[in-house]
Amino acid sequence: MARLARCPSCGAPVEFKSVASVLAVCDYCQSTLLQDGEALQNLGKMAALVEDRSPLQRGAEGRWRGRQFGLIGRIQLNWDQGLWNEWHILFDDMKSGWLSEANGEYVVSEAKRVSEALPAFDQLELGRLYMIDGRAFTLTNLLTATCVSGEGELPFKVGAGYPAPVADLRDDNGAFATLDYSDDPAKPLVFIGEPVAFKSLAWANLRDLSALPQPTLKARSFACPTCGAPLQVAHEKIETVGCGSCGAVLDTRNEKVAQIAQAQRQLLAAPLIALGSKGTLQGEAVEVIGYMSRSTESEGIHYYWREYVLAAPEGRFVWLTEYDGHWNVARVLSRTLRAGAGQVRMDGADFKHFSSYQASVDYVIGEFPWRVTLDETATIHDYVLPPRMLSQEVTPNEQTWSLCDYIEPGEIVAAFGLKTALPPPRGVYANQINPHEENHRRTCSRFWKFSLAATAIYILLLIIGPGSNLTTQPVSYGPNDDDEPKLTREIPLPKGARRLEVSHSTNLSNNWVGLNMTLVNKDTGEAWQAYREISRYEGVDGGESWSEGSRDDEVIFTDLPPGTYVLAEEPEMDPLAPRVGAEIKIATAGPRWSSLLLAVIFLMLFPIWTRMRKGGFEVTRWAESDHPIVTSGEDDE
Amino acid sequence: MMARIYMFVGLMVLGVYSWAQYQGVGLFDDVADSRPTRSSGARSTFHK
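Our subject in this report is the structure included herewith. Bear in mind that the values here come from a model prediction, so they are computed numbers and not experimental data.

Reading the values: the criteria
Residues numbered from 1 in each chain as written. Chains lettered and ligands numbered in written order. Predicted model: local features only at pLDDT ≥ 70, side-chain atom pairs only at ≥ 80, totals over all residues. Heavy atoms only, no water. Helix = DSSP H or I, 4+ residues; strand = E, 2+ residues; numbered from the N terminus. Buried < 20%, exposed > 50% of the residue type's maximum accessible area, 1.4 Å probe, protein only. Contact = heavy atoms within 4.5 Å. Phe/Tyr/Trp six-rings, centres within 6.5 Å; stacked < 30°, edge-to-face > 60°. Patch = residues over 30% accessible without salt bridge, like charges linked within 9 Å, V, L, I, M, F, W, Y side chains within 5 Å. Areas by Shrake-Rupley, 256 points an atom, 1.4 Å probe, with all protein chains shown as cover. Salt bridge = Lys/Arg side-chain N within 4 Å of Asp/Glu carboxyl O. Lys, Arg positive; Asp, Glu negative; His and termini not counted. Charge placed at Lys NZ, Arg CZ, Asp CG, Glu CD. Pairing = 2+ DSSP bridges. Axes fitted to C-alpha atoms, helices over the stretch in contact; angles between N-to-C directions.

1. As for the environment of Ala 587 of chain A
Residue and element names in this part refer to chain A. Note on placement: Ala 587 falls in strand 41 (residues 580-588). Residue class for Ala 587 comes out buried when judged on its relative accessible area of 10%. Sequence separation of Ala 587 and Thr 471 is 116 residues, and the distance between their C-alpha atoms is 6.9 Å. Discounting residues that sit within four places of it in the chain, Ala 587 has contacts with Ser 468, Asn 469, Leu 470, Arg 499, Leu 500 and Glu 501.

Spelled out as structure tokens, the structure:
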């Protein structure tokens, strides 16, 4: 139930829509009015809000998780990196909550009583896990902001200059928590919610930005206080401008531009995409507003890369990074991820740790939505799953995760309509797609199909092929047999068959037999000779059994013309050897497993080759990482 | 490109392989002397 009161200063009506509101700022005289029982206590004038061109305003309405809400108040805060708004929202069930608006990110949260004992502000550690309301959150941001101003209804007492020590936490499912130590540095207020897409809140009664007088922020021109070069701020939420002429970094939050840093190095390379270039990148309208050169040092060598800040719709920002001609589109994630054991998991996919390094900003040109510092270094941990890469950037106060997508230079040229081609990539980049990967996958796929076909052909010919048994005949060999050769039955060679397989299965034991075989074509008198020695020795030596040779033997007669054949055998044996029993089997030769093996080995050469090429690319990729792939050759060295 | 070459080579290998399997040619076969002899003894013994 709304409560109406009169401003004790100007008499204008002041409305308290939420029972939770204890403070209101008079819309007419900006008096800060504190509810004191039924009376209103005037705490004095509230400072003016800084025009930030937010699309939100008091009275705007939206919908979140099926609940209608309205904006009834706002606190505007300031910290090292810029301004942000905390909008006090009132749901249709009369519960209140907060909508945070910072750098194009929106977070809806509600106050929560939690059972966990939370540490004091000065005991918090960035990157550490904290259990809040039964969930594990990672501390991602630690800051002490200052209240700039407020408007409308607020549930607690605020005023310009009030310090607000707060900690932001995120979990890996996208949930968000804020610990607010404004009232008590030892016991925080807890707010839990989630980042939301602006459009998903189904807004009504938003602020009409076009009705604003073209503001100071729109194409605000000024001269660089260091070198006098003409500069301008042409976009919303710009905190810093880098002078391309002298390398000065300028604070543009106030009308009086102040220098906050000076580049110590020369700008090594001009932007490949001019500032102000507009285009459509991955379906999103963007404009290049800032350019920075960053570097890291390893073993005395500096490595440089370039980052472009792109302004995207709804006040969001996208980054383009370029190193040695390799480009990535990077977007800051609204959630945190937990790294462990050399990898980090996101949406079921594992990204492998690639490298960690210290990065510093060397030079900036153009507009930046945060306060750029040249002296501060950030620790960056890169995890790759080509063509994607997760990059964790850690500063003393903040840790953020960005998702990078590798993009070909040609796409950049097309996106911005560049008239000249970008330099071709050099070397292999961390998350570059392995160009041999797809080739290897297709080759492997074909290898399995070919192998399956070869096996199917083998089985098919085994069943219905020309291989068939022509005769099986028992025989025995003795040392005292007469000199007459042992003859098999007559064997008609089937039409089309040109090979006969003669197999012997014997009961040899510690013995041998030599067989002089003559295969005779009875029709032509032609004869084919073969000599086979079959031997089998076995025993036990030192408790271990051993054997040598085989009781069985096969030989193939090839290039046989059609006809009827007889096999004649003349055995040779040790004169003292016992008699040997055997079975002769004569068959037309069928499919051979050895041919199948040979075909598969030959077919395997191609996948082996593509695998080597793919592996070689990965060796080159990981040579630049903290985990180079050590080949056996390098190991020997 | 490699995948296309592999397709072509693989089909050729399968063709040769199928022919060899039909003929019963094996990689590890022990093969008898393929040159026939024509001896009068053999003819008198076996030739009708």
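Picking up after the structure, the text goes on.
2. Things to note about the packing of aromatic side chains
Residues and elements named next belong to chain A. Considering all chains together, one arrives at 18 aromatic pairs over all chains under this definition. With 4.9 Å between their ring centres and 45 degrees between their planes, Tyr 106 and Phe 198 make a pair best called tilted. Placement of the pair is Tyr 106 in strand 10 (residues 105-111) and Phe 198 in the loop between strand 15 (189-196) and strand 16 (220-223), with a sequence separation of 92 residues. Accessibility classification places Tyr 106 together with Phe 198 in one group, the buried group.

3. A closer look at a negative patch on the surface
Residue and element names in this part refer to chain A. A surface patch of like charges, here negative, comprises Asp 482, Asp 483, Glu 484, Glu 533, Glu 570 and Glu 572. Within the element layout of this structure, Asp 482 appears in the loop between strand 32 (468-477) and strand 33 (486-487). Relative accessible area serves as the criterion here: at 58%, Asp 482 is assigned to the exposed category.

4. Thoughts on the sheet that holds strand 35 (residues 500-506) of chain A
All names here are of chain A. Taking strand neighbours across the sheet as the criterion, the four strands line up as 32-41-35-39 in an open arrangement whose pairing is antiparallel. Where the open sheet ends on each side, the last strands, each with one partner, are strand 32 and strand 39 (552-557). Across the sheet, the axes of successive neighbouring strands diverge by a mean angle of 20 degrees, strand direction being ignored. By the bridge criterion, seven bridges tie strand 35 to strand 41 in an arrangement that is antiparallel. Within strand 41, the residue paired with Ser 503 across the bridge is Lys 585.

5. A word on the pattern of salt bridges
By the definition in use, this model includes 33 salt bridges over all chains. A salt bridge links Glu 618 of chain A to Arg 621 of chain A; the shortest N-O distance between them is 2.9 Å. Of this pair, Glu 618 of chain A and Arg 621 of chain A are both found in helix 3 (residues 593-623), three residues apart, which corresponds to roughly one turn of the helix. A relative accessible area of 18% means that Glu 618 of chain A is categorised as buried. The class for Arg 621 of chain A is buried, based on a relative accessible area of 2%. Two residues, Arg 35 of chain B and Asp 33 of chain B, come together in a salt bridge whose shortest N-O distance is 3.4 Å. For Asp 33 of chain B, a relative accessible area of 34% corresponds to the partly exposed category.

6. Quick look at unusual backbone geometry
Peptide bonds are, in most cases, trans, and in most cases residues other than glycine have a negative phi. Residue and element names in this part refer to chain A. A cis geometry characterises the amide bond from Pro 386 onward to Pro 387, with omega recorded as 5 degrees. You can see Pro 387 is positioned in the loop between strand 29 (377-385) and strand 30 (388-394). Positive phi values are uncommon outside glycine, yet Asp 133 reaches one of about 55 degrees. Among the structural elements, Asp 133 can be located in the loop between strand 11 (129-132) and strand 12 (135-154).

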